[in-house]
Every structure is written in structure tokens, then in C-alpha cells.
Protein chains: 2
Amino acid sequence: MRHERAIRAAAELLGRRLSTSRAVREHHGRGEGYQPVAAPDAVAFVRSTAEVAALVRLCAEHDVPIVPFGTGTSLEGHVAALRGGICIDTSAMDAVLEVNAADLDCLVQPGLTRKRLNDHLRDSGLFFPVDPGADASIGGMTATRASGTNAVRYGTMRENVLGLEVVLADGRVIRTGGRARKSAAGYDLTRLMVGSEGTLGVITAVRLRLHGIPEAVAAAVCAFSSVEAAVEAVMEIIQSGVPVARIELLDQLQMQASIAWSGLEGFAPRPTLFFEFHGTAGAVEEQSVTAQTICRQHDGTDFTWATRPEDRNRLWQARHDAYLAARALRPGKAGWATDVCVPISQLAMAVVAAQRDLAQSGLTAPIVGHVGDGNFHLQFIVDPDDPAEMRRAAEVNERLVARAIAVGGTCTGEHGVGYGKIASLRAEHGPAVEVMRTIKRALDPQDIMNPGKIVTPI
Amino acid sequence: MRHERAIRAAAELLGRRLSTSRAVREHHGRGEGYQPVAAPDAVAFVRSTAEVAALVRLCAEHDVPIVPFGTGTSLEGHVAALRGGICIDTSAMDAVLEVNAADLDCLVQPGLTRKRLNDHLRDSGLFFPVDPGADASIGGMTATRASGTNAVRYGTMRENVLGLEVVLADGRVIRTGGRARKSAAGYDLTRLMVGSEGTLGVITAVRLRLHGIPEAVAAAVCAFSSVEAAVEAVMEIIQSGVPVARIELLDQLQMQASIAWSGLEGFAPRPTLFFEFHGTAGAVEEQSVTAQTICRQHDGTDFTWATRPEDRNRLWQARHDAYLAARALRPGKAGWATDVCVPISQLAMAVVAAQRDLAQSGLTAPIVGHVGDGNFHLQFIVDPDDPAEMRRAAEVNERLVARAIAVGGTCTGEHGVGYGKIASLRAEHGPAVEVMRTIKRALDPQDIMNPGKIVTPI
């Protein structure tokens, strides 16, 4: 067994909460991406920051890799134990430690999921807006710099994490950020850790910004004659400054899949935008009139409204289930979600070019997008046992990424780099990647923190 | 002469744009803070990134400190050449390189000032909101993580810088960030550089987020019977989610000073809030009704409105001139602005305790604050030649900072650390400061980038 002495020491620390069972290890060796399982040698079910620190010290002593794990919903191989080692499962560290309603902030443990946080907040009049679809853990969302449907109005984890507790590669525990709304006190370690994917430390507590539940919420659906027309409407709405809470695109194929999977009655398999408006009653009215007017100018249909909470929930559940719906187009095959994000002026070009590539490739890949941010996903439904098909998907993705980077966009809007996008990161950031590597080496000289990810290819 | 060989080489590079005149050096050796002059050995008036890179390489070769300089409006000794060396004056690098109106972004050189940027944007329907009062350079504002009156709605430089070009300590040039509204591609080097005060590199280009000029703008003034009542109104307005664009507090003494200095007719020397509301006409109406209602509940007066641009400008000019007005209370004396920021629920406590300390100390110090963010400044007007008075001011500041940190706030909301707040940074961030130092050493092993600031006390 690899890393035997470290695992024995970890078992002394955690007793039965250190598992080497094959099923447990394999479950922790992959996320929801297309990558194969790379199981850790053991999984540690931790309960406290002190335990995490003790484990990390022990791993440092024995030169053993550490892979933090939340809910395993990442998409670029973030949790793959490429060099084995110990996976730190934080799911039992799921407490809400503080809610400061007057200051719109809270402090939570990393294993708490976003839905459980919002359940906890239900009677407070507050909510946590970042919504990547999956019921991911707050620690994982922080490490991935996640975002999702609400980001166009409320920002991503970058904007909504106020501070962190982090266990560093040598077991030291630091606290970053604070509770003030702004600070100019030193280097922004919080933002450095947000999006570092476990490669700089293990996140053991997260202070989040909360938002007041808006007085009025309304959702609307609008169909278009083409994806291009839909995207042009989005561009104009964003440019006009309407503070839409959500603008989601589902292309024709995705609508077809979602109508079948989610039983969306009354909708047609046409390129469609799902909107949500938040604010006072007057503001919601004003925003939706502006959005409807712009959509009509692009041949959009009249808005179909969902104002009752149950209707809204059904709509957004369908949006969240888009990936499942897509997979049902080819049962038994695998999903592979791409993730470029481009300046809003380049969105129509990027989506249309992707559709052209897809048509030529013969691949099945519905498109969904957080289009208010310029972020969209091709959801390849592929056969991992068909190397030719996988190669074609990889080629379409490469062209997609290259086009995004060429117009100042990014290879990943929200899924992160993991080990799936290391080459794309280099294409996007060039010599800056060497600076990232310098920081990685300075903070983790043994390269034990989630090795093989972002800046340290194996 | 110190660093003679490096200066000779720099003169070969820049000709007459390398100055060793005493007047020029002394002008560059201090900002607007209370610290004494610490002049560099030479000042380089650079014109391009290539020149900056060449200078930095030359300084690295000769082990000579580098201090970047924008407009010299910093307040914590950021530009003091504590170990001499070459000051890089970027004021001639002041071009607007791109404006992408459709994407609400622009790319500018670091020496451009914020007012000149807004002049440039005047006919585009866009504006750059970050407004620290002084007409600071964009590069300096980025390096300081500046904010100011509009941050409560539009965020600070942290939220409004999308990407950077930076010359590193070894002369390498990197580009960070990009034009997409969000990205999960690797470590957030942009946010690491924002607020790094020249200690990690020289900023040579800045990509900024722009905002649409709101359809309607209205400013209002409201006086209160006590600072506590005013601050409680602010807390309630923020907690109720009104997206106010500006909420500024001027205490009784500051109002007295500003009425005299700026000729503010019709106002009384009472604790006063200055508001600005942005949005559609309907939204501005709605926001101001809510704010007025809350203010009345705290014994605030009826709002005095300034809706014409010239009236608004007069009001905000008076706010920006608060420091000059305060200094006129004791002509010939020096100013020293403190800068704590606390969670909004702690704001009344923090302001009232500061006033109590001030009353006991006998010092002259009007209070102004970006109170929507929980950020306020005591503006000590002190005699630098009176050590006892300076000591009393330092004591009041220490108590202020300790109280802010004790409630989760920060020692500096927007002025930065420079060398004036190194001890406070340590009190606030503890072991995390050692991580900052590790990053500093990794990126600047010779310690030539603005040495003596933030993490490297001399």
C-alpha cells in the first residue's frame, strides 16, 4: 500500500473515520466530469479544523498528497487523487457558525451545502445567492470560484466570500479577510484562496455575504426564432443596465430535452431565455417591461410568467436538471460540459460559431448558458469508449476555447481548471501562469496540496 | 551618491527624463499623509511598459529599490523612498488605450487620473465610479485598493479592476485577468496585485469596469440631532437594501468647517448625511422616499434636495474639500486622517466611542465617513512639532484601530498600509501576515519593490 505509514498515523488520529474501503475511495476519486476515477489511498472524514491541521501536518511529515472533498460535484477532475494520498472529506463539517443579520454576513463550515444554508436562513429574510445548479458545498464552491444562474446580479464566489479560515500545507491555520464591507489591509489572501482548488490550502471556514430576500420576484420565459436573436436580446438588456437576477439560455436541442425530461408543458423546442427579476414590486415591473420590450425587438415571444413560487421553482428545477435532461438524449452515455465565458459583445459570435462546429462534428451537445455573464456550456453527450467521438468533442472544445481566448474571454467561467484545463490556462494567461506556480511553490514547497491541478501538471 | 551606477545607467536609458534634482526628488518623497519626506535618489519619468521593464531590470541588477508614483495623494507613506532608490513616475503614461462601450470596460495606462478618464468618457454614456476624493491616478488607486464615496453601490477598486499589466521584480511583464465578466481560470493574480502598493510589481496598464450613467441622479442632505442618530439611520437604510449610490457622514465639527470653507449656505453645523441616489426616475423616487422615511424615524430633517448638476457638484465638491476645510480650522498645522472600517452594526458604537476619546484628548479632529460601508475617518489637525500632541493623536488612533479589529473590522478601509500601519496589519491579520511575507519574498526575493511597506518593515 502506498503511503502506508501516513495512513496508519491518520487512522490513529481518526479511528473509524479514516476509511480505506475501495468503494469509499472510488466514490471520492472523481467528480461529475468526464475524467476517469483516480482514487485516494484513504478518505478522512474530518470534524474540526484541528483535525484537518493535524492531518495536514502528518501528510507533510510523510510527504503524502492531500485532496479536499466537499460533495464531489466538480467537473474538471478537481478531486482526482492523481498521486494517491489522503482525501479530506469535509461533509461532516457542516455547521452554520454565525449569522449576523444586521451585517448581512454569516460564517459557515466548508461541508455545508448551499441549499442547507438557505434552509437555515429561511426565516431570517436573507439568502445566499450563488447557485451553480448542483447542491455543492460552500467549501467546494469557494475553492472552485463557482457561480451559476444568479451571478449576473449578485456576483460569484469571488464577490460573496468575505473571509476564510485555511489550513496551510505545513498545518498552520490562518484567517483571511474580515467582516468589514471593504478593507485595504494588505494582500488579498481571501481572493487568492478563492478559486485555488485546494492547491494552496484546505478551507475550514467561510465567511459569506448574504442578501435580503427581494420584496418581489418574478420569472418569465421567452422563445426566439434563433439562438442569435436570443443572444442579441441578452446583450442589449445587459448593456441597458437592467439589473436582471437571472438570464439563462437554453438552445433548441436543450429545450427539446428539457421539455421531455422535466415535463415543461406549454413550451416549444425553440431557443429560449429564462429570466428572473428581483426588487421592489415597482422595480420588478420596470425591469420586466424593459426586458420584454427589448426581446420583442428581437422577435421574442410574449413573456410567459411564473410568479407563484411553485411555478418558479418548477422552472428553475428544469433549468438545473438541464444536464440530466441532456444525458437522457443518449441514455448510458457520459456528459462533458464545456465552460467558456466571453465579453458580452462577443457572445452571439461565440455561440453561433460553436453551433456551426457542432453541426459539422455530428456530436450531440445541447447548449445552456448563464448568458447575462457571457458564460455558456456545450453539454457533450459522448461515448467515452469511442475514442474517435471523444477526439471530435475535444477538438470542438479546443476551437471553442481558442475563440474565447482570442476575444479576451476565458477557458473557464465557473468550472475551474482542475487537471482538465491546464493547457488552456497556459494559452489564456501565458507568463502569468509561471507567477501562479511561484506562489504555489512558496506556499506548498512539497507539492502535497492537491497535486497535479491548475499549475502543477503531473 | 547612493546607487550611483544604477542611476547612471537609468540616465542613459531615459536622458533628461531621469531627474536627480533635489526639488523633484523631494516632491516625490511623500504623499499627503503626516509622514516626513523620504526622497528617492532619482525620479524616472517613464513613457512605456518597455521603459518600466528596462528600469526594473536595471534596478534588479544593481539591487536598487523602486518606488512607483502616480499623483502622490496616498496617506500612509506609500511613496516614501525609505531606502532611497529610483522613483518611477508614471504620470506621462496617461493614455486611454481602449473603451469597449458594449462590454462596459476600458483599458488605461496607470498615470491617467480618474477625472481625466471620466472626461474622456463623457460622451459615451458611461462613467468610472470609484471616487476617493483626490484626483488620483488609476495606477495608484489600483495599488492602494482605493474606494471612496461611491463604493457603497459600485464597489471598490477590488470589484472594478478586471485585469492588469504588471512589470515584476525581475522585469518580466505579465497580464492578469481578462475581459470576461467572470473567470475560474487559476489564481486571482489581479486581486493579489490590487492593494499590493507597489510591493509586488509596477502596474503598467489597468482594465477597468465601467458603468452606465444613470438615467436619474438626485442628491439630498439631511441633518440629525446627534451623530448616533445619523449613523443609526444609515444602518437601517443599508439593512433595508436600498441601493444608495452615496451616503456620507459629516459630524458637527466637520459641518462647521465645511460651511465656512465651502460657503455651504442654508446648512447648520449639525451631524449631517449627504445622499446620492442613482437609477431610473422611478427607482430614484422610490429609494429616496424609503431613505427619507427612515431618516425621519431617527429625527432627521426633511431632505434638502440638489437635483441640478451644478447644485450636486457644489455639494460633492464641499464633501471632497472636507480635508481642506478641516485644515482651515487650525491654519499651518498638519492633517492626519485615520481610516477604520467596521461591520455596519458596529458603526454607531465605533463613531460614538471615537468622539468620546476625542473629547477627552482635547484634539481637533472632525469626522467624515463613507458610512454606508462602515468606513469613517477622524481628520486630526495636529502640530507635527508638538510631540505630546502627536502622541495623543497616535493613542486615539490606536484605540480606534483596536476597537475596529475587536469587532471584526479593519485598520484601513481604503487608505492602505504603507509603512504607517504595519503594526496594525499584524494586529488585524496575525499569522496571515507571514503568508503575505512568503508571497512577497517569492515574487521579489531581493526586496527591491517599494521596500519597507505592508509586510517588510525596515
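Everything numeric here is computed off the predicted structure, so don't read it as measured data.

Asks: I'm lost on the overall build of chain A in this one. Help?
Replies: The helix and strand tally for chain A stands at 17 helices and 19 strands. For 458 residues, the compact-globule formula gives about 23 Å, and the C-alpha radius of gyration of chain A, at 22 Å, lands near that figure. Seen through its C-alpha atoms, chain A measures out along the principal axes to roughly 65 × 55 × 40 Å. For chain A, the accessible area works out to roughly 15,900 Å², and carbon and sulfur atoms hold 49% of it. Looking at charge distribution, chain A has the averaged site of its 47 positive side-chain charges lying 4 Å from that of its 52 negative ones.

Asks: Just to check I follow, could you spell out the nonpolar core for this structure?
Replies: As a rule of thumb, soluble globular proteins bury nonpolar side chains together. Counting 189 residues, the largest nonpolar core has A:F275 and B:F275 as the members making the most contacts within it. Ignoring anything within four residues of it in the chain, the contact list for B:F275 reads B:A218, B:A219, B:A220, B:C222, B:I237, B:V244, B:R246, B:I247, B:A291, B:C295, B:F303 and B:W316.

Asks: What's the story with the packing of helix α1 (residues 4–14) of chain B against helix α3 (residues 49–62) of chain B in this structure? I'm lost.
Replies: The relative placement of two packed helices comes down to the angle between their axes together with the axis-to-axis distance. Residues and elements named next belong to chain B. At their nearest, the axes of α1 and α3 sit 9 Å apart, and the two run at 160° to each other. As judged from the angle between their axes, α1 and α3 are roughly antiparallel. Of the two elements, α1 crosses α3, and the hand of that crossing is right-handed. Only E51, A54, L55, L58 and H62 of α3 make contact with α1, whose side of the interface consists of R5, A6, A9, A10, L13 and L14. Split by residue class, the contact of α1 with α3 holds eight nonpolar, one polar and two charged.

Asks: I would appreciate a short explanation of α1(B) in the present structure.
Replies: Residue pairs three or four apart in sequence face the same way in an α-helix, which turns once every 3.6 residues. Residues and elements named next belong to chain B. Inspection of α1 places A6, I7, A10 and L14 among the buried residues, and these make up the whole buried set. Buried residues along α1 cover an arc of 95° about the axis, so they all sit on one side. Relative to its buried face, α1 has exposed residues pointing more than 90 degrees away, namely R5 and E12. If you follow the buried residues of α1, they end up packed against β1 (18–19), β2 (42–45), α3 and β4 (86–89). Positive phi appears at G15, one or two residues downstream of α1, with a value of about 60°.

Asks: Honestly, the sheet that holds strand β9 (residues 173–177) of chain A in this entry has me stumped. Any pointers?
Replies: Strands belonging to one sheet form pairs held by backbone hydrogen bonds; the direction of such a pair is parallel or antiparallel. All names here are of chain A. Pairing in this open sheet of five strands is antiparallel, and the strands run β5-β6-β10-β8-β9 from one edge to the other. Either end of the sheet is taken by a strand with one partner, and the two such strands are β5 (96–100) and β9. If you compare each strand with its neighbour and ignore which way they point, the axes differ by 10° on average. Where strand β8 (residues 161–167) and strand β10 (residues 202–209) come together, six bridges link them in antiparallel fashion.

Asks: Looking at this structure, I do not really get the confidence of the model for chain A. What am I missing?
Replies: In low-pLDDT regions, the fine details of the predicted coordinates are not to be read closely. Looking at chain A, pLDDT values average 96 and 100% of them are 70 or higher. Both scores are given for the predicted complex: the pTM is 0.97, the ipTM 0.97.

Asks: Which parts of the structure should I look at to understand the pattern of salt bridges?
Replies: Between side chains of opposite charge, a pair can form as their charged atoms come close. Enumeration over the complete set of coordinates arrives at 64 salt bridges over all chains. A:E76 is paired through a salt bridge with A:K421; the nearest N and O atoms lie 3.6 Å apart. One end of the pair, A:E76, is in the loop between β3 (66–69) and β4 (86–89); the other, A:K421, is in the loop between α15 (387–406) and α16 (422–429), and 345 residues separate them in sequence. Each of the two residues, A:E76 as well as A:K421, counts as buried. Here B:E414 ties to A:K182 by a salt bridge, and the two come within 3.1 Å at their closest N and O atoms. One end of the pair, B:E414, is in the loop between α15 (387–406) and α16 (422–429); the other, A:K182, is in the loop between β9 and α8 (189–193), on a second chain. Residues participating in the shared-partner salt-bridge network are A:E98, A:D103, A:D105, A:R179 and A:R207.

Asks: Any chance you could explain unusual backbone geometry here in plain terms?
Replies: Leaving glycine out, the prevailing phi sign among residues is negative, and the prevailing peptide bond configuration is trans. The backbone of A:D63 shows a phi angle near 60°, a positive value even though the residue is not glycine. You can see A:D63 is positioned in the loop between α3 (49–62) and β3. Unlike most non-glycine residues, B:D447 shows phi in positive territory, near 55°. Judged by relative accessible area, which is 19%, B:D447 ranks as buried.

Asks: It is not clear to me how the interface of chain A and chain B should be interpreted in this structure. Could you clarify?
Replies: Buried accessible area, meaning the area lost when the parts come together, often serves as the stated size of an interface. Across the contact, 75 residues belong to chain A and 75 residues belong to chain B. Carbon and sulfur atoms supply 58% of the area buried between chain A and chain B, which totals about 5,900 Å² over both sides. Interface area lost by chain A to chain B is led by A:R181, A:K182 and A:Y187, which between them contribute 17%. At the junction of chain A with chain B, the criterion picks out six salt bridges. Elements supplying a minimum of two residues to the side of chain A that touches chain B: β9, α8, α9 (227–239), α11 (281–297), α16 and α17 (432–443) of chain A. No other element matches α17(A), which puts nine residues into the side of chain A that touches chain B.

Reading the values: rules and limits
- Residues numbered from 1 in each chain as written.
- Chains lettered and ligands numbered in written order.
- Predicted model: local features only at pLDDT ≥ 70, side-chain atom pairs only at ≥ 80, totals over all residues.
- Heavy atoms only, no water.
- Helix = DSSP H or I, 4+ residues; strand = E, 2+ residues; numbered from the N terminus.
- Rg over C-alpha atoms; globule rule 2.2 N^0.38 Å.
- Areas by Shrake-Rupley, 256 points an atom, 1.4 Å probe, with all protein chains shown as cover.
- Lys, Arg positive; Asp, Glu negative; His and termini not counted.
- Charge placed at Lys NZ, Arg CZ, Asp CG, Glu CD.
- Core = buried A, V, L, I, M, F, W, Y, C linked by side-chain atoms within 4.5 Å.
- Buried < 20%, exposed > 50% of the residue type's maximum accessible area, 1.4 Å probe, protein only.
- Contact = heavy atoms within 4.5 Å.
- Axes fitted to C-alpha atoms, helices over the stretch in contact; angles between N-to-C directions.
- Parallel < 35°, antiparallel > 145°, perpendicular 65-115°, else oblique.
- Left-handed = near helix turned anticlockwise from the far one by under 90°.
- Nonpolar A, V, L, I, M, F, W, Y, C, P; charged D, E, K, R; others polar.
- Arc of directions from axis to C-beta.
- Pairing = 2+ DSSP bridges.
- pLDDT = per-residue confidence, 0-100.
- Salt bridge = Lys/Arg side-chain N within 4 Å of Asp/Glu carboxyl O.
- Buried area = accessible area lost by both parts, 1.4 Å probe.

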